[in-house]
Amino acid sequence: MTTPARAVAAPATRGQVLAWGLWDWGSAAYNTIILTFVFSVYLTDTVGDDLPGPVSANSWLAWSIGLAGLVLAVAAPVLGTRADAMGRRRRSVGVWTAATVVTMAGLVAVRDDHRYLALGLVLLGLGSIFVELAAVSYNAILRQVSTPATVGRVSGFGWAMGYFGGIVLLLAVYLGFIAGDGPQRGFLQVSTADGWNVRLLALVAAGWFAVFAVPVLVAVPEAPPSRDRPPPSGIAASYRALLDDLRTLYRADRHTVWFLAASALFRDGLAAVFTFGAVLAVTVYGIAAGDVLVFGVVANVVSAAGALAAGRIDDRAGPKAVIVGSLLGMLACGTVLLFRSGPGAFWVFGLGLCLFVGPAQSSSRTFLCRLAPPGHEGELFGLYATTGRAVSFVAPTLVGAFTWLFGSDRAGIVGILVVLAAGLAALWPVRKPVDRAAAPAADPAADGVAGG
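Thresholds, definitions, all that
The residue count restarts for each chain, going from 1 along the sequence in the order it is written. Confidence filtering applies because this is a predicted model: local features only for residues at pLDDT of at least 70, side-chain atom pairs given and counted only at 80 or more, and all residues used for totals across whole chains, interfaces and linings. Water and hydrogen atoms were dropped before computing side-chain values, which therefore reflect all heavy atoms in the structure. By the criteria applied, helices consist of DSSP H or I runs no shorter than four residues and strands consist of E runs no shorter than two, each listed in order from the N terminus. When accessible area is computed with a 1.4 Å probe and restricted to protein chains, residues below 20% of their type maximum are described as buried, those above 50% as exposed, and intermediate ones as partly exposed. Here, residues are in contact when the closest pair of their heavy atoms is within 4.5 Å. For accessible areas, the Shrake-Rupley method is used with a probe of radius 1.4 Å. Any residue's cover is judged against the shown protein chains and nothing else. Pairing of aromatic rings covers Phe, Tyr and the six-membered ring of Trp, with a centre-to-centre limit of 6.5 Å; geometry is then stacked below 30 degrees between planes, edge-to-face above 60, and tilted otherwise. When the NZ atom of lysine or the CZ atom of arginine is within 6 Å of a ring's centre and also within 35 degrees of its normal, the charge is said to sit over that ring. The nonpolar core is taken to be a set of buried Ala, Val, Leu, Ile, Met, Phe, Trp, Tyr and Cys residues, with the residues joined through side-chain atoms within 4.5 Å. Note on method: axes are straight lines fitted to C-alpha atoms, helices fitted across the in-contact stretch only, with angles between N-to-C directions ranging 0 to 180 degrees. Angle categories are assigned with fixed cut-offs, so that under 35 degrees is roughly parallel, over 145 is roughly antiparallel, 65 to 115 is roughly perpendicular, and the rest are oblique. By the definition used in this description, the sense in which the near helix is turned from the far one sets the handedness, with an anticlockwise turn below a right angle giving left-handed and a clockwise turn giving right-handed. In a helix, the anticipated span is given by 1.5 Å times the number of residues less one. Only protein atoms enter the calculation, which uses a 1 Å grid: trapped sets of points that fit a 1.4 Å probe without letting it out are cavities, open sets showing protein on both sides within 12 Å along at least five of seven lines are pockets, and any residue with an atom within 4 Å of a point is a lining residue. Grid points are joined across faces, edges and corners, and a volume is the space filled by probe spheres set on the points. Like-charged residues within 9 Å of one another, or nonpolar side chains (Val, Leu, Ile, Met, Phe, Trp, Tyr) within 5 Å, are grouped into patches, provided each residue has over 30% relative accessible area and no salt bridge. Between Lys or Arg on one side and Asp or Glu on the other, a salt bridge is scored when a side-chain nitrogen of the former is within 4 Å of a carboxyl oxygen of the latter. When charges are tallied, Lys and Arg are placed among the positive residues and Asp and Glu among the negative ones, while His and the ends of the chain are skipped. Here the site of a charge means atom NZ of a Lys, CZ of an Arg, CG of an Asp or CD of a Glu. Note on bend: at a given residue it equals the angle between the axes fitted to the 7 residues ending there and to the 7 starting there.

Asker: I keep staring at the overall build of the protein chain and nothing clicks. Help me out?
Answerer: Looking only at helices and strands, the protein chain has 16 helices and 2 strands in total. Expressed as a percentage of the 452 residues in the protein chain, the buried residues total 54%. Counting only contacts in the protein chain whose residues sit at least 6 apart along the sequence, the fraction spanning at least 24 positions is 84%. Looking at the protein chain as shown, the accessible area adds up to about 18,200 Å², and 69% of this sits on carbon and sulfur atoms.

Asker: In this structure, what is going on with the packing of aromatic side chains? I would like to understand it.
Answerer: Aromatic ring pairs are described here by two measures, namely the spacing of the ring centres and the angle between the planes. Considering all chains together, one arrives at 16 aromatic pairs under this definition. For the pair F402 and F406, a centre-to-centre distance of 6.3 Å together with 0 degrees between the ring planes defines the contact as stacked. Taken together, the positions of F402 and F406, both in helix α14 (residues 394–406) and 4 residues apart, correspond to about one turn of that helix. Over the ring of Y384 we find R267, and its NZ or CZ is 3.6 Å from the ring centre.

Asker: Just checking my understanding: could you explain the nonpolar core for this structure?
Answerer: One recurring pattern in soluble globular proteins: nonpolar side chains tend to sit buried together. If you look at the biggest cluster of nonpolar residues, it comprises 115 residues, and the most contacted ones within it are W23, I34, F39, F259 and L427. The dominant element in this core, judged by the number of residues it contributes, is helix α5 (residues 117–140), at 13 residues.

Asker: Hey, could you run me through unusual backbone geometry in this one?
Answerer: Excluding glycine, residues mostly carry a negative phi; peptide bonds, for their part, are mostly trans. The phi dihedral of Q189 is positive, around 55 degrees, even though this residue is not glycine. As for its position among the elements, Q189 is in the loop between β1 (184–185) and β2 (190–191). Given a relative accessible area of 43%, Q189 falls into the partly exposed group. Of note in the backbone geometry, D194 takes a positive phi value of approximately 60 degrees without being a glycine. Looking at the secondary structure, you find D194 in the loop between β2 and α7 (196–219).

Asker: Quick question: what am I supposed to make of the packing of helix α1 (residues 14–37) against α7 here?
Answerer: Helix packing for two helices is described by the angle between their axes and how far apart those axes are. Running from N to C, α1 and α7 point in directions that differ by 160 degrees, and their axes come no closer than 7 Å. Judged by the inter-axis angle, α1 sits roughly antiparallel to α7. In the packing of α1 onto α7, the handedness of the crossing is left-handed. Of α7, the residues touching α1 (which contributes Q16, A19, W20, L22, W23, W25, G26, S27, A29, I33 and I34) are A202, A205, W208, F209, F212, A213, P215, V216 and A219.

Asker: Would you mind showing me how to read helix α15 (residues 412–427) here?
Answerer: Given 3.6 residues per helical turn, the α-helix brings residues three or four places apart onto the same face. The end-to-end C-alpha separation of α15 is 23 Å, in line with the 22 Å expected for 16 residues at 1.5 Å each. Residues G412, I413, G415, I416, L417, V419, L420, G423, L424 and L427 constitute the buried set of α15.

Asker: For this particular structure, what's the right way to read empty space enclosed by the protein?
Answerer: In the structure shown here, the tally under the stated rule is 1 cavity of 30 Å³ or more. When its volume is computed, the largest cavity comes out at roughly 30 Å³. Around the largest cavity, the lining residues are A76, L79, G80, S92, W96, L133, V136 and S137. Those elements that place two or more of their residues in the lining of the largest cavity are α3 (57–86), α4 (89–106) and α5.

Asker: It is not clear to me how a negative patch on the surface should be interpreted in this structure. Could you clarify?
Answerer: On the surface, D45, D49, D50 and D112 cluster together to form a negatively charged patch. As for its placement among the helices and strands, D112 is situated in the loop between α4 and α5.

Asker: Sorry, what's going on with α3 here?
Answerer: For α3, spanning 30 residues, the distance from its first C-alpha to its last is 42 Å, which sits close to the expected 44 Å at 1.5 Å a residue. At A75, α3 is deflected by roughly 35 degrees, the largest bend along its length, and proline P77 occurs up to four residues later in sequence. With its phi angle positive at about 65 degrees, G87 sits one or two positions after the end of α3.

Asker: So what exactly am I meant to see when it comes to the environment of G382 here?
Answerer: Summarising the element assignment, G382 is placed in helix α13 (residues 377–390). Residue G382 is classed as buried on the basis of its relative accessible area, which comes to 0%. If near-sequence neighbours (up to four positions away) are discounted, G382 is found in contact with A76, P77 and V136.

In structure tokens:
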């Protein structure tokens, strides 16, 4: 994996940075509405509530998402490599985003009948693959809309847009389609018959993602093909080229490989904070079930604010300092939560955990962006997705193990802390990244949009 000689593109305009961030805003429709809070719950609690047989709808959902993760782990680095080599990152974002939107819209056909569960799980699994493949090339475009002086702020801006987009859409659909009781819900008075109010949300979410994905496809120019290698002639050749690049990468720069492994660990811990946070809030700290949504909204606002603020620190002190500081902050807050009880403690220290999640996520992306040789960003972000999927079982398994071992839901927090600590220990010896792209002058347009 050699570094190609590439002409330095002109600094991105403010509009291009905003257009890039709007994709994050739009993709929140899938992650928030479809995968996390609304449609997955509809599949397990409504469509599959009377599923015959010994296997529950929850188990089928977990297996479908797990299978999707396996497919993604195998496909992401190769497809990222091909997009780099052929100069088709923007096209890749467009194709996989469109595929995600189609699967989201297709969910409108999933009726409140267990016979439709298989259709819902297939569409949900496919959507999970497509949206992550789109994110591989989307993340690779980060270097095109930033400079070494602004990459932290631009990445933080994108993460914050994702958080805020999820909040706005979640509140809108809750008030418009879900809130209330009876046969019609929300201020739009949408019928609940046959799950129509939730099914209609799939169309709303699909439209939201489609609309906000368009700007990056129009405003950001396509990256030129990678000059140090021809496009692979086929799938088999793509895998051979990937293996060759991995061997070269390991010999030339093992710190990149170590970062991929370390980030996979701590990113699994970050995901576990949101995965298990709501459960722990209710079962351990006495947060009322009706207040969990409120906490979720506040948590996303806090995470977005943290990502925006840390972007400036990232550009000044480097992404490693932000990640290390964030992981230490999360370990401190989590340790306090182990020994405190009550809603007040969770509101303070739970939000403290969330404050550090956004910065760690955003700076992890900029760390890899600075490490990547120009022309290989898609390949490395594909590996980033693969390594993340490879260890995504660790935190949930440890949470379950500690909960079972000590007979206490509170002990599950230890599982999350162990994963975060392991990620921090693995990251500690990794060298600070040096951006391998030629560094033009700081981009005032990006500074204006991403930092204020």
